[in-house]
Amino acid sequence: MKRARIIGTGSCIPERILTNSDLEEMVDTSDEWIVTRTGIRERHLAAEGEFTSDLATAAARQALAMAGVDPQEIDLIVVGTITGDFPWPATACLVQNNLGIRGCAAFDVSAACSGFVYALDCAVKRIETGASKKALVIGAEILSRIVDWQDRNTCVLFGDGAGAVVLEGQEGDSGVLSTHLHADGSFWELLHQPGFGSRFPASDGGIKDRLPFLKMQGNEVFKVAVRSLHEVAVEAIEANGMSTSDIDLFIPHQANRRILEATAKRLGFSDEQVYINVDRFGNTSGASIPIALDEANRKGMIKEGDIILFDAFGGGFTWASALIRW
Ligand code: UT7
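Residues numbered from 1 in each chain as written. Predicted model: local features only at pLDDT ≥ 70, side-chain atom pairs only at ≥ 80, totals over all residues. Heavy atoms only, no water.

Student: Kindly report on the overall build of the chain, identifying the contributing residues and their values.
Tutor: Per the secondary structure count, the chain includes ten helices and 13 strands. Projected onto its principal axes, the C-alpha coordinates of the chain cover approximately 55 × 45 × 35 Å. By the burial criterion, 56% of the 326 residues in the chain qualify as buried. Side chains of the chain carry 30 positive and 44 negative charges; the gap between the two charge centres is 2 Å. (Helix = DSSP H or I, 4+ residues; strand = E, 2+ residues; numbered from the N terminus. Buried < 20%, exposed > 50% of the residue type's maximum accessible area, 1.4 Å probe, protein only. Lys, Arg positive; Asp, Glu negative; His and termini not counted. Charge placed at Lys NZ, Arg CZ, Asp CG, Glu CD.)

Student: Could you give an account of the site of the ligand, naming the residues involved and the relevant values?
Tutor: What surrounds the ligand is a group of 23 residues, the closest being T29, R37, R152, N219 and N256. H253 is positioned such that a nitrogen or oxygen atom in its side chain is 2.9 Å from an oxygen atom of the ligand. In this structure, N256 approaches the ligand through a side-chain N or O atom, which is 2.5 Å from an oxygen atom. Isolated, the ligand exposes 950 Å² of accessible area, and the fraction of that covered by the protein chains is 75%. Among the elements of the structure, α2 (31-38), α6 (152-155), α7 (218-239) and α8 (257-267) are those that each provide at least two residues to the shell around the ligand. Of all the elements, α7 adds the most residues to the shell around the ligand, at four residues. Here the residues of the shell around the ligand sort into eleven nonpolar, eight polar and four charged. Counting contributing residues, the shell around the ligand receives three or more from each of domain 1 (3-172) and domain 2 (177-325). (Near = heavy atom within 4 Å. Polar contact = N/O pair within 3.5 Å; in protein donor to acceptor, adjacent residues only side chain to side chain. Areas by Shrake-Rupley, 256 points an atom, 1.4 Å probe, with all protein chains shown as cover. Nonpolar A, V, L, I, M, F, W, Y, C, P; charged D, E, K, R; others polar. Domains from an automatic or database assignment.)

Student: Tell me what's going on with the domain arrangement of the chain, and back it up with residues and numbers.
Tutor: Splitting the chain by domain gives domain 1 (3-172) and domain 2 (177-325). Measuring from the centre of the C-alpha atoms in domain 1 to the corresponding centre in domain 2 gives 14 Å. At the junction of the two partners, domain 1 supplies 48 residues and domain 2 supplies 45 residues. Interface of domain 1 and domain 2: buried area, both sides summed, is about 3800 Å²; carbon and sulfur atoms make up 61% of it. (Contact = heavy atoms within 4.5 Å. Buried area = accessible area lost by both parts, 1.4 Å probe.)

Student: Quick one: what's the story with the packing of aromatic side chains, residue by residue and with numbers?
Tutor: Applying the stated criterion across every chain yields a total of four aromatic pairs. When the ring of F187 is compared with that of F317, the centres are 4.8 Å apart and the planes differ by 20°; the resulting orientation is stacked. Separated by 130 residues along the polypeptide, F187 in the loop between β8 (175-183) and β9 (191-192) and F317 in the loop between β12 (307-314) and β13 (318-325) bring together distant segments of the chain. In this structure F317 comes out as buried when scored by relative accessible area, which is 0%. Residue placement shows R199 over the ring face of W188; its charged tip is 5.2 Å from the ring centre. (Phe/Tyr/Trp six-rings, centres within 6.5 Å; stacked < 30°, edge-to-face > 60°. Lys NZ or Arg CZ within 6 Å of the ring centre and 35° of its normal.)

Student: Pulling in residues and values, what's your account of the side chain of T263?
Tutor: Considering the arrangement of structural elements, one finds T263 in helix α8. There is a polar contact of 2.7 Å between the side chain of T263 and the backbone oxygen of I259.

Student: Can you explain the pattern of salt bridges? Please cite residues and give values.
Tutor: Taken as a whole, this structure holds twelve salt bridges when the rule is applied. D209 serves as the salt-bridge partner of K208, at 3.7 Å between the closest nitrogen and oxygen. D306 is the salt-bridge partner of K303, the closest N and O atoms lying 3.0 Å from each other. Looking at K303, the relative accessible area reads 53%, which means it is exposed. Each of E73, K134 and E168 takes part in one network of salt bridges that share partners. (Salt bridge = Lys/Arg side-chain N within 4 Å of Asp/Glu carboxyl O.)

Student: Mind laying out the sheet that holds strand β7 (residues 160-170), listing which residues take part and the relevant values?
Tutor: What holds strands together in a sheet is hydrogen bonding between their backbones, with the strands either parallel or antiparallel. Taken in spatial order, the five strands of this open sheet run β1-β7-β6-β4-β5, and their pairing is mixed. Strands with a single pairing partner mark the edges of an open sheet, and in this sheet they are β1 (3-12) and β5 (105-109). For this sheet the average axis-to-axis angle between neighbouring strands, irrespective of direction, equals 20°. With nine bridges connecting them, β1 and β7 associate as antiparallel partners. (Pairing = 2+ DSSP bridges. Axes fitted to C-alpha atoms, helices over the stretch in contact; angles between N-to-C directions.)

Student: Lay out the sheet that holds β12 in plain terms, naming residues and giving numbers.
Tutor: An order of β8-β13-β12-β11 is seen for the four strands of this open sheet, with the pairing classed as mixed. The open sheet has two edge strands, β8 and β11 (249-252), and neither has a second partner. When the angles between neighbouring strand axes are averaged without regard to direction, this sheet yields 10°. For β8 and β13, the ladder comprises eight bridges, and the chain directions are antiparallel. Bridging from a neighbouring strand, L181 pairs with A320 of β13. Running over the sheet, α8 touches β11 and β12 and is turned about 140° from β11.

Student: Residue-level account of the packing of helix α3 (residues 52-67) against helix α4 (residues 91-98), with values.
Tutor: Where α3 contacts α4, the axes come no closer than 9 Å and their chain directions differ by 55°. In terms of orientation, α3 and α4 fall into the oblique class. Read as a crossing pair, α3 and α4 show a hand that is right-handed. Residues T52, S53, D54, A56, T57 and R61 of α3 lie in contact with α4, whose contacting residues are T91, L94, V95 and N98. Across the contact of α3 with α4, the residue classes break down as three nonpolar, five polar and two charged. (Parallel < 35°, antiparallel > 145°, perpendicular 65-115°, else oblique. Left-handed = near helix turned anticlockwise from the far one by under 90°.)

This is the structure:
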């Protein structure tokens, strides 16, 4: 069986920076509150006229360049996003068009902050069965367009960006060793975007009730996130007959520094094993893990044979892991 190996990474971070002091001018908050509760200092926001497919395509082009792969060789594109350009068609189809290619499978995965790991799983399974040979997997979000900028409980948390990987089926021991996906739909209401789908269609109005904006019960999310991130990381480590000390780089979904530190501590990771960039980008949902991976890769922090663990949690609730030998 061929393994799905990551042969290129890329990312795209919008230029505009929104700092905590900028937010102090917009809602009743403070830099001190945001840093203490979340560890976030600034986040990047997409410019007017910049769309999720633009960020996704830019990240994909970087990953393709690193891999030395021509877009024509790609036979699968999967995008993890909850803030695509449109409810449909899929942002993956727009990326395909931007890359100037035709015919290959292209679809989005909706699993909120777990979206990239869910998307990775789909591509890995297709590569392992031989159904696909070279795949682009992307996490891309413009959360700033669904965040309620009047709600201090949520607007301070999120940012925009995209990250991408190129996967290739290769013989050998390197590649994605395991993926584990989970969901519990009984928690849907704790983190969701009410409008506009079949339950609250745009034709009913609802802008005045702020239905198109993200709603979250932060406290409740926090508790389940720490528990689920722990469980799925342990599941991945045990399924591969490893222990925490075998992991060279732990890349958790960058939700909030307190969640990351609590999870890392409970798993027994040292600071050196854990990648954290939430201070600079905020929570970029499905984009956070591939952005962190690309940063670590470009800084030269990853070498051949390293073991990397992705650990994600998001709305749904969904949670997921992927364990990789580089
Ligand atoms: O990818 C998964 C996505 N979601 C998450 O990662 C979120 C997980 N949850 C969290 O990270 C935390 O629950 C938050 C950072 C969202 C909130 O931290 P908390 O320690 O759970 O605070 P809280 O919600 O219990 O609120 C404490 C107080 C409240 O005031 P009162 O009622 O005690 O007077 C809030 O109104 O802090 C207030 N507050 C704020 N104050 C200043 C909430 N947001 C802000 C704010 N600035 N931005």
